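# Remarks on the overall topology
Spelled out from the first residue to the last, the chains are:
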Amino acid sequence: MENRRQLGSAYEQQAEEYLKRQGYRILCRNYRCRQGEIDLVAREGGYLVFLEVKYRANGKKGMPQEAVDIRKQRKICRVADHYRMIHGYGDEVPCRFDVVAILGEDLILIRDAFCYSGRNT
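These remarks concern the structure in this document. Here, residues in each chain are numbered from 1, in the same order as that chain's written sequence. Reporting in this predicted model follows two pLDDT cut-offs: at least 70 for local features of residues, and 80 or more for side-chain atom pairs to be given and counted; totals over whole chains, interfaces and linings ignore these cut-offs and use all residues. Values shown for side chains rest on all heavy atoms present in the structure; no hydrogens or waters enter the calculation.

Positive phi outside glycine occurs at Asn30, with the angle close to 55°. Mapped onto the elements of the fold, Asn30 is located in strand E1 (residues 25-33). Non-glycine residue Asp112 carries a positive phi angle of around 55°. By relative accessible area, Asp112 is classed as exposed at 52%. Only runs of H or I of at least four residues qualify as helices and only runs of E of at least two qualify as strands under DSSP, and these elements are numbered from the N terminus. Per-residue accessibility, obtained with a 1.4 Å probe over protein chains only, is compared with the maximum for each type, and a residue is labelled buried under 20%, exposed over 50%, and partly exposed between these values.

By the criterion of burial, strand E4 (residues 95-103) is predominantly enclosed, with seven of the nine residues buried. The sheet contact formed by strand E3 (residues 47-56) and E4 spans nine bridges and is parallel. Directly across from Leu48, in E4, lies its bridge partner Cys95. Consider the strands pointing away from the viewer: the crossover is right-handed when the path from the first strand over the helix to the second runs clockwise. With respect to chirality, the unit in which E3 leads through helix H2 (residues 70-86) into the neighbouring parallel E4 is right-handed. The pairing criterion is simple: DSSP has to find at least two bridges between the two strands. As paired elements, E4 and strand E5 (residues 106-110) share five bridges and run antiparallel to each other. Residue pairing across strands places Val99 opposite Ile110, the latter belonging to E5. Between E4 and E5, which follow one another and run antiparallel, lie two residues, and Gly104 among them has a positive phi close to 65°.

A separate point is the pattern of salt bridges. For salt bridges, the criterion is a side-chain nitrogen of Lys or Arg within 4 Å of an Asp or Glu carboxyl oxygen. Per the stated rule, a full pass over the model turns up nine salt bridges. The residue Lys20 makes a salt bridge to Glu16 at a minimum N-O spacing of 3.4 Å. Here Glu16 and Lys20 lie together in helix H1 (residues 2-21), a separation of four residues that amounts to about one turn. Exposure remark for Glu16: the relative accessible area of 10% places this residue in the buried category. The partner of Arg84 in a salt bridge is Asp91, with the nearest N and O atoms 3.5 Å apart. Classification of Arg84 by relative accessible area gives buried; the value is 13%. Given the relative accessible area of 73%, Asp91 is considered exposed. Through salt bridges with shared partners, a single network forms among Glu44, Arg96, Asp98 and Arg111.

Quick look at the structure:
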(Lines give C-alpha, C1' and ligand atoms only; values in the text may rest on other atoms or scores of the structure.)
Protein backbone atom coordinates (compact mmCIF):
# COMPACT_ATOMS: atom_id res chain seq x y z
CA MET A 1 0.00 0.00 0.00
CA GLU A 2 2.83 2.40 0.81
CA ASN A 3 4.27 1.93 -2.68
CA ARG A 4 0.92 2.90 -4.23
CA ARG A 5 0.74 5.97 -2.01
CA GLN A 6 4.30 6.96 -2.96
CA LEU A 7 3.52 6.41 -6.63
CA GLY A 8 0.34 8.48 -6.33
CA SER A 9 2.26 11.23 -4.59
CA ALA A 10 4.86 11.27 -7.38
CA TYR A 11 2.16 11.66 -10.04
CA GLU A 12 0.40 14.36 -8.02
CA GLN A 13 3.75 16.21 -7.86
CA GLN A 14 4.13 15.87 -11.63
CA ALA A 15 0.60 17.19 -12.12
CA GLU A 16 1.25 20.06 -9.72
CA GLU A 17 4.36 21.16 -11.62
CA TYR A 18 2.49 20.98 -14.93
CA LEU A 19 -0.43 23.00 -13.54
CA LYS A 20 1.89 25.70 -12.21
CA ARG A 21 3.34 26.05 -15.71
CA GLN A 22 -0.24 26.43 -16.99
CA GLY A 23 -0.84 29.34 -14.60
CA TYR A 24 -2.58 27.53 -11.74
CA ARG A 25 -1.76 28.64 -8.20
CA ILE A 26 -1.80 25.58 -5.95
CA LEU A 27 -3.52 26.25 -2.62
CA CYS A 28 -3.60 22.78 -1.10
CA ARG A 29 -2.48 19.24 -1.78
CA ASN A 30 -4.37 16.16 -0.50
CA TYR A 31 -7.14 18.03 1.30
CA ARG A 32 -8.85 15.54 3.61
CA CYS A 33 -12.00 15.65 5.65
CA ARG A 34 -14.62 13.14 6.78
CA GLN A 35 -16.25 13.24 3.34
CA GLY A 36 -13.07 12.16 1.53
CA GLU A 37 -10.05 13.68 -0.19
CA ILE A 38 -9.26 16.00 -3.08
CA ASP A 39 -5.83 15.65 -4.67
CA LEU A 40 -5.23 19.34 -5.42
CA VAL A 41 -7.01 22.63 -4.81
CA ALA A 42 -5.92 25.61 -6.88
CA ARG A 43 -6.86 29.03 -8.23
CA GLU A 44 -6.87 29.60 -11.96
CA GLY A 45 -8.20 32.85 -13.32
CA GLY A 46 -11.22 33.69 -11.19
CA TYR A 47 -11.94 30.04 -10.42
CA LEU A 48 -11.41 27.92 -7.36
CA VAL A 49 -10.43 24.61 -8.95
CA PHE A 50 -10.68 21.16 -7.40
CA LEU A 51 -8.47 18.64 -9.20
CA GLU A 52 -8.40 14.87 -9.26
CA VAL A 53 -5.20 13.21 -10.53
CA LYS A 54 -5.55 9.75 -12.07
CA TYR A 55 -2.75 7.56 -13.46
CA ARG A 56 -2.71 4.43 -15.59
CA ALA A 57 0.44 2.78 -16.92
CA ASN A 58 -1.47 1.86 -20.09
CA GLY A 59 -5.02 1.76 -21.42
CA LYS A 60 -5.71 -1.91 -20.66
CA LYS A 61 -8.00 -1.05 -17.75
CA GLY A 62 -9.46 2.03 -19.44
CA MET A 63 -8.45 5.64 -19.58
CA PRO A 64 -7.46 7.31 -16.30
CA GLN A 65 -10.25 9.89 -16.47
CA GLU A 66 -12.84 7.10 -16.68
CA ALA A 67 -12.02 6.27 -13.05
CA VAL A 68 -13.63 9.58 -12.04
CA ASP A 69 -17.12 8.11 -12.22
CA ILE A 70 -20.33 9.63 -10.86
CA ARG A 71 -19.74 8.25 -7.34
CA LYS A 72 -16.24 9.77 -7.28
CA GLN A 73 -17.59 13.06 -8.66
CA ARG A 74 -20.20 13.28 -5.90
CA LYS A 75 -17.56 12.58 -3.26
CA ILE A 76 -15.25 15.27 -4.70
CA CYS A 77 -18.16 17.74 -4.65
CA ARG A 78 -18.90 16.97 -0.99
CA VAL A 79 -15.24 17.53 -0.09
CA ALA A 80 -15.24 20.73 -2.17
CA ASP A 81 -18.27 21.99 -0.20
CA HIS A 82 -16.36 21.32 3.03
CA TYR A 83 -13.22 23.08 1.75
CA ARG A 84 -15.21 26.12 0.65
CA MET A 85 -17.01 26.35 3.99
CA ILE A 86 -13.84 25.95 6.10
CA HIS A 87 -11.85 28.44 4.00
CA GLY A 88 -14.62 31.04 3.66
CA TYR A 89 -15.29 30.77 -0.06
CA GLY A 90 -18.85 31.89 -0.67
CA ASP A 91 -21.10 31.23 -3.62
CA GLU A 92 -19.71 34.32 -5.37
CA VAL A 93 -16.44 32.45 -6.05
CA PRO A 94 -16.98 30.21 -9.08
CA CYS A 95 -15.74 26.63 -8.79
CA ARG A 96 -14.56 24.19 -11.38
CA PHE A 97 -13.69 20.51 -11.32
CA ASP A 98 -10.70 19.47 -13.44
CA VAL A 99 -9.07 16.09 -13.95
CA VAL A 100 -5.41 15.46 -14.69
CA ALA A 101 -5.22 12.14 -16.51
CA ILE A 102 -1.78 10.56 -16.82
CA LEU A 103 -1.49 7.64 -19.22
CA GLY A 104 2.05 6.30 -19.30
CA GLU A 105 4.15 9.39 -20.05
CA ASP A 106 1.26 11.49 -21.42
CA LEU A 107 -0.44 14.05 -19.21
CA ILE A 108 -3.86 15.39 -20.22
CA LEU A 109 -5.57 18.27 -18.42
CA ILE A 110 -9.35 18.12 -18.67
CA ARG A 111 -10.75 21.48 -17.61
CA ASP A 112 -14.33 21.51 -16.38
CA ALA A 113 -14.33 17.69 -16.47
CA PHE A 114 -17.67 17.44 -14.66
CA CYS A 115 -20.36 19.66 -13.21
CA TYR A 116 -21.04 20.27 -9.57
CA SER A 117 -23.16 17.55 -8.04
CA GLY A 118 -24.65 19.07 -4.90
CA ARG A 119 -26.10 17.61 -1.75
CA ASN A 120 -29.52 17.02 -3.30
CA THR A 121 -28.33 14.79 -6.14
